[in-house]
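Structural overview for review
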Amino acid sequence: MAQASRRIASTIVAVAGGDPAHLNPAITTAGGVHTIAGSLYDGLVELDSAGRPQPGLAERWEVKDGGRTYVFHLRPDVRWHDGVPFTARDVTYTFTEMLLKYSARAKAGLAPALAGIDAPDAATVIFRFRKPYAPLLKRLTVDEAPILPRHLYEGTDPLSNPHNQRPVGTGPYRFVEWAHGDRIVFERNASYFVRGRPRIGRLVWRILPNSTAAAIALERGEVDYLGGVDGPELSRLRAAPGVRLGRNPAGAGGGWCVNTLVPNLRHPPLEDVRVRRALSLAIDRAFLAERLYKGTASPAHGPFHTALGATDRTAPPLAHDSAGAVRLLGAANIVARDGAPRLRLRFTYGTPGFAALAETLRDQFARIGVELLLDPMDFNSAVEKVYIKQDFDLGVASYCNGADPDIGVKRVYDSRNVLPIPFNNGAGYRNPVVDSLFDAAASTLDPVRRRAVYGQVQRILLDDVPYLWLVETDGLRAWRATVRGLRIWSGHTFDEATIVAR
Amino acid sequence: MWRIVARRLVLAVPLVIGVAALNFTLVSLAPGDPVILLFGEGGAPDVATLAALRSRLALDRPIAERLVAYFGELARGHLGQSILEKRSVTGAIAERLPATLLLASAALILAGIFGIGLGVLLSRMAQRTPRLERGTFLALLLGGNQPPFVAGIVLIVIFALILGLLPSQGMTSAREGGSLDTLAHLVLPALTLALQPMFAVARVTRARLLDVWQRDHVRTARAAGIPEWRILWRHVLPNALTAPITLLALSAAHWVGGAVLTESVFAWPGIGRLAVDATLARDYPLILGVILTGTLLVVGANLSADLLLASLDPRVRRG
């Protein structure tokens, strides 16, 4: 008992790379908000380390009408941090007024499929769909669909409600204070509905913008947990005594991310599939993974992150063949004249994140006679230029698949999503067959048949090369060896964590 | 004296207005869009939501019209609301300004005391061991002119990681607290920010001292048998110090600019980092508020420098 109370009295110090704008994860998909706010809230379900749905705010559920209706039975004993009881109306309010209006992933995938959400009584929520809908359970975690308190938000503008800065949730930790630019402090929710959790008394988020300095702070024990490790810090942290490393592709910003080049298919000659295939062949992905990302990423196999296991068969690694690339360019009548490069492409990207990648790709494309004209700018300007103004040849993005392809893959290839909004189908790819296959997959409940449909999508996309997939990021985390029981795949990272004697 | 203050204050008003107008125009013309990243890496909900937000922020209005509205708000003392955090810009700046002021004053004191001390030491060495002095001077010139993001990391590696003497990140530690804890956190960032002006002060002090030591009144004092330390204190330093003090006071712009870099390396929660975050997010009202605050700080520091010099040097006082 004495030991248990000592554990509860302890503190975990976690690192955030920047101040989140607010702590309302139902109006944004920003990883910076979700990573921190996840501990304050709950979803209807949780996913275990293998991605299987487990009870959350819903203690059980039934799937009816062949997947058209989902009935969730809520826990009766849940209270908001201010003491007000949690009810089904909190769920319907959060979905209709926040998630389906402002959370881009919910709005893009769930909203078109949904016919309605009802709360027949305080402990029951019913989701009704127009067609059978397979991915619902994976969309209901705290990362994708956190539930917020209706009694504090109803009748206000959720984007500017003051509780976005002083959040009230149902989650394992409750908000204490926020010193902007310095720290955000949470304390244990003693009446959390999962008895005995959490086991840590305080969770302090330190805001440390410099990744090198943050790695040193972990090495020194000033902090306990880094939610992201960059390539340059990896070798020093590997060698550091008392530091543990772990990797999991899941993450609060969507997870299962594939760093991808975005060719502007509206521009000739990128509309020619042979040119895109040639560019893909010119990329040495193994080099990128080993030398540039220094082991924090692996070569991409295509549109689906391999760890997601979304398709019936894993695609082979994407080939690297400079001679083949030159032949394809020749076939497309892209030839060098008077010593000038065969092709010049303007590559628009955000710095400093993609600067080293741009330099490396310039070298690799130069080997097939394609000159990459670097167009570096800060992240915000690059996003505006590529997605809003669509004034680019090649862009780059980290496209995150999410726990189900319907969450994060579909939106990138769907022709109904060629719109001036960020991180959507920026290439401008339109293929009605792909659109209908994605829709069919979402309506297919049988997992084996569903994987076969996504396998078909994969074959078409690998053939069409609407994007150039580079590497899959591995989601590397580092923590002090004294911290145990981290759930690094979940927004509820610290639910079960303990600190052992140093 | 008061005439100097009044004259400076009158001159400062058009300066601040001009800077504010220039900043507003530059910030508005820069590429980027404050609403596109509001909804996170998953994209934005839809085109209509983005358009409605732009319209609510008047971003769809001509720049001239927005500039007039901005000055209207400024005249009433309003800095507006942060687009990102949806709280008042004045509140956001008030929360972060004390940290920057603490860092800048600590660095100013360090640069002043150690810069002048080092200058005295170098001038004495130049007279006695000129070769050693030249070597030391060169080493300091190279070592002391590193930008904060290089000098900061080097200091962190030496004093925090290898020697384990000082904390490296933030203003207080997560587990302890108190003023001693803050002092320990202050040492490395203040030193980083102080380095460049410290060596500039040392160089100027050294040059001025070498000059003053040669003067007739010093030779007379020596001939009269007055001890060296007393000559330094009474006859040399007062004549030599106006130059380094002017240099320190006029480097107010360095404190504001250096704070941006130093605060990022040391996770110091001041307005320098607020400026970086606001700029990356294109949070226009917050960017303008922070720059205006920086402008007022620089103008205020320069005014204080004039007053200090006037009190030290009668020639300045008489105008």
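Not measured: the values here are computed from a predicted model.

What to know about the overall build of chain B
Within chain B one finds 14 helices and 0 strands. Its C-alpha atoms give chain B principal-axis dimensions of about 85 × 55 × 35 Å. By the burial criterion, 38% of the 319 residues in chain B qualify as buried.

Some points on the overall build of chain A
For chain A, the helix and strand inventory stands at 16 helices and 21 strands. Taking 2.2 N^0.38 as the reference for a compact globule, 502 residues should give roughly 23 Å; the C-alpha atoms of chain A span a radius of gyration of 23 Å, in line with that estimate. Here chain A, with 502 residues, has 54% of them falling under the buried criterion. Taking as baseline every contact in chain A between residues at least 6 positions apart, the subset at least 24 positions apart corresponds to 70%.

Quick word on the sheet that holds strand β11 (residues 225-226) of chain A
All names here are of chain A. Strand order in the open sheet formed by 7 strands is β8-β9-β10-β1-β11-β19-β12, and the pairing between neighbours is mixed. In this open sheet, the two edge strands, each paired with only one partner strand, are β8 (173-179) and β12 (243-247). Inspection of the sheet shows β12 paired to strand β19 (residues 476-480) by 5 bridges, in the antiparallel sense. Residue pairing for β19: V243 is matched across the bridge by R480.

A word on helix α11 (residues 355-366) of chain A
All names here are of chain A. An ideal rise of 1.5 Å per residue puts 16 Å on 12 residues; α11 measures up with 17 Å between its terminal C-alpha atoms. Within the span of α11, buried status applies to L361, Q364 and F365. For α11, the arc enclosing every buried residue in end-on projection is 90°, short of the 170-degree limit, so these residues lie on one face. Where α11 is buried, its residues contact α8 (273-282) and β16 (370-378).

Concerning helix α9 (residues 285-292) of chain A
All names here are of chain A. For α9, the complete set of buried residues consists of R285, L288 and A289. An end-on view of α9 places all buried positions within 90° of arc, on one side of the element. Along its buried surface, α9 packs onto β14 (297-299), α11 and β18 (468-473). Following α9 by one or two positions, K294 adopts a phi angle in the positive range, close to 50°.

Overview of the interface of chain A and chain B
Contact with chain A, which involves 54 residues of that partner, is made by 44 residues of chain B. For the side of chain A that touches chain B, the secondary structure elements donating two or more residues are β1 (11-16), α3 (88-102), α4 (104-113), β10 (202-207), α6 (211-220), β16 and α12 (379-388) of chain A. Here the side of chain A that touches chain B is composed, by residue class, of 23 nonpolar, 18 polar and 13 charged.

Thoughts on the environment of P249(A)
Residue and element names in this part refer to chain A. Secondary-structure assignment places P249 in the loop between β12 and β13 (257-263). Residues P249 and G475, 226 residues apart in the sequence, show an inter-C-alpha distance of 4.8 Å. If we skip the residues at most four places from it in the chain, P249 touches G255, W256, H305, A307, D474 and G475.

Some details on the packing of helix α4 (residues 89-128) of chain B against helix α12 (residues 271-280) of chain B
Residue and element names in this part refer to chain B. For the pair α4 and α12, the least separation of the axes is 8 Å and the interaxial angle reads 135°. Comparing the axis directions of α4 and α12 gives the class oblique. Side by side, α4 and α12 meet where A92, I93, R96, L97 and T100 of the first sit next to I271, G272 and L274 of the second.

Things to note about the sheet that holds strand β6 (residues 114-121) of chain A
Residues and elements named next belong to chain A. Spatially, 4 strands are ordered β4-β5-β7-β6 in an open sheet, and the strand pairing comes out antiparallel. This sheet does not close on itself; its edge strands, each paired only once, are β4 (58-64) and β6. Neighbour to neighbour, the strand axes of the sheet diverge by 15° on average, direction disregarded. The pairing of strand β5 (residues 69-74) with strand β7 (residues 124-129) spans 5 bridges and is classified as antiparallel. Looking across to β7, one finds that Y70 is bridged to F127.

Topic: the nonpolar core
With 218 residues, the main nonpolar core has I12(A), A278(A), A282(A), L103(B), A107(B) and V290(B) as its most contacted residues. Ignoring sequence-local partners within four residues, the contact set of A282(A) consists of S322(A), A325(A), Q364(A), F365(A), R367(A), I368(A) and V370(A). One finds L209(B), V212(B), I231(B) and L241(B) within the second-largest nonpolar core, a separate group that totals 6 residues.

Things to note about the confidence of the model for chain B
Mean pLDDT over chain B: 87, with 97% of residues reaching 70 or higher. Scored as a complex, the prediction yields pTM 0.91 and ipTM 0.89.

Some details on the pairing of strand β17 (residues 394-400) of chain A
Residue and element names in this part refer to chain A. Among the 7 residues that make up β17, 6 are buried, leaving the element largely enclosed by the rest of the structure. Relative to β17, β13 runs antiparallel, the two sharing 7 bridges. The residue bridging C257 from the neighbouring strand is C400, located in β17.

Concerning the environment of T498(A)
All names here are of chain A. Considering the arrangement of structural elements, one finds T498 in strand β21 (residues 498-499). Classification of T498 by C-beta neighbours within 10 Å gives partly exposed; the count is 19. Through-space distance from the C-alpha of T498 to that of R484 is 5.3 Å; in sequence the pair is 14 residues apart.

Some words on unusual backbone geometry
The bulk of non-glycine residues show a negative phi, and the bulk of peptide bonds are trans. Backbone torsion omega between R197(A) and P198(A) reads -10°, so that peptide bond is classified as cis. Counting through the fold element by element, P198(A) comes out in the loop between β9 (183-188) and β10. Cis peptide bonds are those with omega within 30 degrees of zero, and the linkage from P268(A) to P269(A) qualifies with 5°. Of note, N333(A) is a non-glycine position whose phi angle comes to about 65°, a positive value. As for its position among the elements, N333(A) is in the loop between α10 (322-331) and β15 (343-351). A count of 11 C-beta atoms within 10 Å places N333(A) in the exposed class. Despite not being glycine, A58(B) has its phi angle at roughly 60°, a positive value.

Analysis parameters
Each chain has its residues counted from 1, following the order in which its sequence is written. Key to labels: chains lettered from A, ligands numbered from 1, both in the order written. Totals for whole chains, interfaces and linings use all residues, but because this is a predicted model, local features are given only for residues with pLDDT of at least 70 and pairs of side-chain atoms are given and counted only at 80 or more. Numbering goes from the N terminus for both helices and strands, where a helix is a DSSP run of H or I of at least four residues and a strand is a run of E of at least two. Three exposure classes are used, all based on how many other C-beta atoms lie within 10 Å of a residue's own C-beta (placed from the backbone): buried at 20 or more, exposed at 12 or fewer, and partly exposed between those limits. We take the radius of gyration over the C-alpha atoms and set the globule estimate at 2.2 Å times the residue count to the 0.38 power. Distance between backbone-placed C-beta atoms decides contact: two residues are in contact if it is within 7 Å. In this description, strands pair whenever DSSP reports at least two bridges between them. A helix's residues, less one, multiplied by 1.5 Å, set its expected span. This arc describes the spread of directions from the helix axis toward the C-beta atoms. Only Asp, Glu, Lys and Arg are considered charged in this grouping, and only Ala, Val, Leu, Ile, Met, Phe, Trp, Tyr, Cys and Pro are considered nonpolar; every other residue, Gly among them, is considered polar. With axes taken as lines fitted to C-alpha atoms, and helix axes fitted only over the stretch in contact, angles between N-to-C directions fall between 0 and 180 degrees. Here the word oblique covers every angle except those under 35 degrees (roughly parallel), over 145 (roughly antiparallel) and from 65 to 115 (roughly perpendicular). Each nonpolar core comprises buried Ala, Val, Leu, Ile, Met, Phe, Trp, Tyr and Cys residues, the members being joined through C-beta atoms within 7 Å. Confidence scores labelled pLDDT are given residue by residue by the predictor and lie between 0 and 100.

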